[in-house]
Amino acid sequence: MSKVAALARPCILRRKAYIPGKPVEEVKRELGLSDIIKMASNENPLGTSPLALQAMIRELQENGNRYPESVPHELGRKVAQFYGVQPEQVFFDNGEDGVIVVLGLTFLNPGEEVLGGEITFSAYENMACKMDATYVKIPLTTDYRLDVDAFLARITPRTKMIFLCNPNNPTGTIITADEFDRLLRGVPESVLIITDEAYAEFADDPAFPHSISYLSRYPNLVIMRTFSKLMGLAGLRIGYAIAHPEVIGLLLRTHEPFPVNRAAQAGALAALDDVDFIRRTLDVNRRGREQLYVGLDALGLRYYRSQANFVFVDLGRPVEPVYAAMLEQGVIVRPLTSFGLGHGLRISVGTAEENARTLAALERALAATTPA
Ligand SMILES: Cc1ncc(COP(=O)(O)O)c(C=O)c1O
C-alpha cells in the first residue's frame, strides 16, 4: 500500500467499492451493443412521470441558477399531509441513500452495533462500516424473510440501530404487521428501528404493516421512503424519512446544506399528483410479476413471490455465467453474488415486452451454460 493510501481511516481500507446494477452506458461501451434493456436496479419501466418532467423543465428554466431550498417546504407539507403527520416529521435527502448516511452521521459512534438482514440492501452495512460501527448480520428464515425473533435475540447494550428492509431487497419478502408489532414492542427505546419502505407501494399483501400508525407511540421509529421507484425519479435522487420531530431535528443538524436539487424537489412535488402515472406503474408491475412467474415456471426455475418490483430467482446453479450470457444478449439483470447468493438472480419487473425478452434471454443463457 502506498503512503498516501495508508492515510485513509482503517474502516475505509477494509471496505470494497459498491457494485451497482450495471449501467446501460457501461454495457454499450464494453460489449459494443446498442439494443439493451436494464432489468437490474428496480427502476420504473414506464420512465418518469410526465407531470414531474414538465415541472422539472419549468423549474430549471426559471430557477436553475439559484440554490434550492435547504428544507423543501412545500414538498414537506404535501408529504406530511399525505401520511397524516406534521411537516416537522419529514426529512428529505439525496435519495434514501443520503438519508441512511445522515442517520449514521447523526447517531452512530464507533464500535456501536447496527443490526440488519444477512441478505438485504447493502447500504446499511456500507454506512455502518464508514462510521466504524459493527454491522451484525441477522440470518433470514428458510423462506428468505427477515427473522424478527432473531433480531430481538441479538440486541445488546451496544445496539444502536436496526434496519428492516420491508419489502426486503433482494428477496421481495415482507415482515407482517404482527411481526412488526412484536419487534417494536420488544426493542428498547435506546435503539432506533429504521424501516426501509422503498418498495412499500408495490406491496399488496394485506399483512403488510401500516408503519405510520406506530409513529405516535414509538419515538425511536424511522420510516424511509423514496421517489426512485414508484415515481420514476431514480436519476434525480430524492428520498425521505418520517419520524418523531426530535429525530428529524437532529437529522437537520447533520445534513448537507442543499441535499436535494431543485429539479428533484419540483419533480417530486408534481409526481405526487400524477395519479395516472402511479396507477399505470402499479398495474404494469402487478401484471409483470405474474408474467415473470409464468415464464419462470415454464423454465422450471424456483422463485419467490414478490411484494416489490423485482423477482428473486434461485437458479440452483452458479449465477455468474448465466448473467454473462444474458448480458451478451443485451439484457442486464442482477446476479446476487455480492449479496451472498451465488445461485441467486434478481429480475426487475419491466414492461410486458421487456419481461418477455428477459425470459427468452434467460432461457437461451441457461441452455448455453452448463450447470456446475
Ligand atoms: C431497499 C432499498 N432502499 C433504498 C434504496 C435506494 O433508494 P434511493 O434511490 O432513494 O437512494 C434502494 C435502491 O435500490 C433499495 O433497494
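Residues numbered from 1 in each chain as written. Predicted model: local features only at pLDDT ≥ 70, side-chain atom pairs only at ≥ 80, totals over all residues. Heavy atoms only, no water.

In terms of helices and strands, the protein chain carries 13 helices and 13 strands. Taken over C-alpha atoms, the radius of gyration comes to 21 Å for the protein chain, in line with the 21 Å a tight globule of 372 residues would show. On the principal axes, the C-alpha backbone points of the protein chain span a range of 55 × 55 × 50 Å. When the 372 residues of the protein chain are sorted by exposure, 53% land in the buried category. At a minimum sequence separation of 6, the contacts of the protein chain that also span at least 24 residues come to 74%. (Helix = DSSP H or I, 4+ residues; strand = E, 2+ residues; numbered from the N terminus. Rg over C-alpha atoms; globule rule 2.2 N^0.38 Å. Buried < 20%, exposed > 50% of the residue type's maximum accessible area, 1.4 Å probe, protein only. Contact = heavy atoms within 4.5 Å.)

Turning our attention to the site of the ligand. By nearness alone, 13 residues border the ligand, and E96, D196, Y199, T226 and S228 come closest of all. In this structure, an oxygen atom belonging to the ligand sits 2.8 Å away from a side-chain N or O atom of K229. At 2.7 Å from an oxygen atom of the ligand is found a side-chain nitrogen or oxygen belonging to R237. A per-element tally of the shell around the ligand places helix α5 (residues 95–107) first, with three residues. (Near = heavy atom within 4 Å. Polar contact = N/O pair within 3.5 Å; in protein donor to acceptor, adjacent residues only side chain to side chain.)

Right, let's talk about the nonpolar core for a bit. Nonpolar side chains in soluble globular proteins tend to end up buried together. Core analysis: the largest hydrophobic core is formed by 58 residues, its most contacted members being L75, V79, F92, L164, L221 and F227. Each of domain 1 (5–47 + 276–368) and domain 2 (50–271) accounts for three or more of the residues forming this core. Apart from residues no more than four positions distant in its own chain, V79 is found in contact with V90, F92, F227, Y240 and L272. In this structure, I36, L301, V322 and L345 belong to the second largest nonpolar core, which totals 30 residues. (Core = buried A, V, L, I, M, F, W, Y, C linked by side-chain atoms within 4.5 Å. Domains from an automatic or database assignment.)

Pairing is mixed across the open sheet formed by seven strands, whose spatial order is β2-β8-β7-β6-β5-β3-β4. Pairing within the sheet leaves two strands with one partner each, and these edge strands are β2 (90–93) and β4 (134–138). The average undirected angle you get between the axes of adjacent strands in this sheet is 20°. This element, helix α4 (residues 73–83), spans β2, β7 (221–226) and β8 (239–242) of the sheet and lies at about 130° to β2. Sheet contacts for helix α8 (residues 177–186): β5 (159–165), β6 (192–196) and β7; angle to β6, the most-contacted strand, approximately 160°. (Pairing = 2+ DSSP bridges. Axes fitted to C-alpha atoms, helices over the stretch in contact; angles between N-to-C directions.)

Inspection of every chain in the model, using the stated rule, returns 24 salt bridges. Between R286 and D283 there is a salt bridge, with the nearest N and O atoms lying 3.8 Å from each other. Note that R286 and D283 are positioned in helix α11 (residues 275–298) at a spacing of three residues, about one turn of the helix. For D283, a relative accessible area of 26% translates into the label partly exposed. Where salt bridges share partners, they join K22, E26 and E30 into one cluster. (Salt bridge = Lys/Arg side-chain N within 4 Å of Asp/Glu carboxyl O.)

Throughout the structure, instances matching the rule amount to two cavities of 30 Å³ or more. Reported here for the largest cavity is a volume of approximately 40 Å³. What lines the largest cavity is simply N44, P45, F202, K229, T281, V284, N285, N309 and V349. Looking at the lining of the largest cavity residue by residue, the class counts come to four nonpolar, four polar and one charged. As a volume, the second largest cavity reaches approximately 40 Å³. In terms of lining, the second largest cavity is formed by S70, V71, P72, V90, F91, F92, L252 and H255. Per-element tally for the lining of the second largest cavity: the top contributor is β2, with three residues. For the lining of the second largest cavity, the class distribution of residues is six nonpolar, two polar and no charged. (1 Å grid on protein atoms, 1.4 Å probe; cavity = no way out; pocket = protein on both sides within 12 Å on 5 of 7 lines; lining within 4 Å. Points joined across faces, edges and corners; volume = space filled by probe spheres on them. Nonpolar A, V, L, I, M, F, W, Y, C, P; charged D, E, K, R; others polar.)

Domain annotation of the protein chain identifies domain 1 (5–47 + 276–368) and domain 2 (50–271). The distance between the C-alpha centroids of domain 1 and domain 2 comes to 23 Å. In this complex, domain 1 contributes 30 residues to the contact, which on the side of domain 2 involves 32 residues. Around 2500 Å² of area is buried between domain 1 and domain 2 when both sides are counted, 59% of it from carbon and sulfur atoms. When residues of domain 1 are sorted by the area they lose upon contact with domain 2, R15, Q307 and F339 head the list and together hold 25% of the total. Linking domain 1 with domain 2 are two salt bridges, by the criterion used here. Here R289 and D204 are joined by a salt bridge, their closest N and O atoms 2.9 Å apart. At the boundary of domain 1 and domain 2, one finds 14 residue pairs in polar contact (both at pLDDT 80 or more). Broken down by secondary-structure element, the contributors of at least two residues to the side of domain 1 that touches domain 2 are α1 (10–13), α11 and β10 (310–314). Ranked by the residues each element gives to the side of domain 1 that touches domain 2, the list is headed by α11, at seven residues. (Buried area = accessible area lost by both parts, 1.4 Å probe.)

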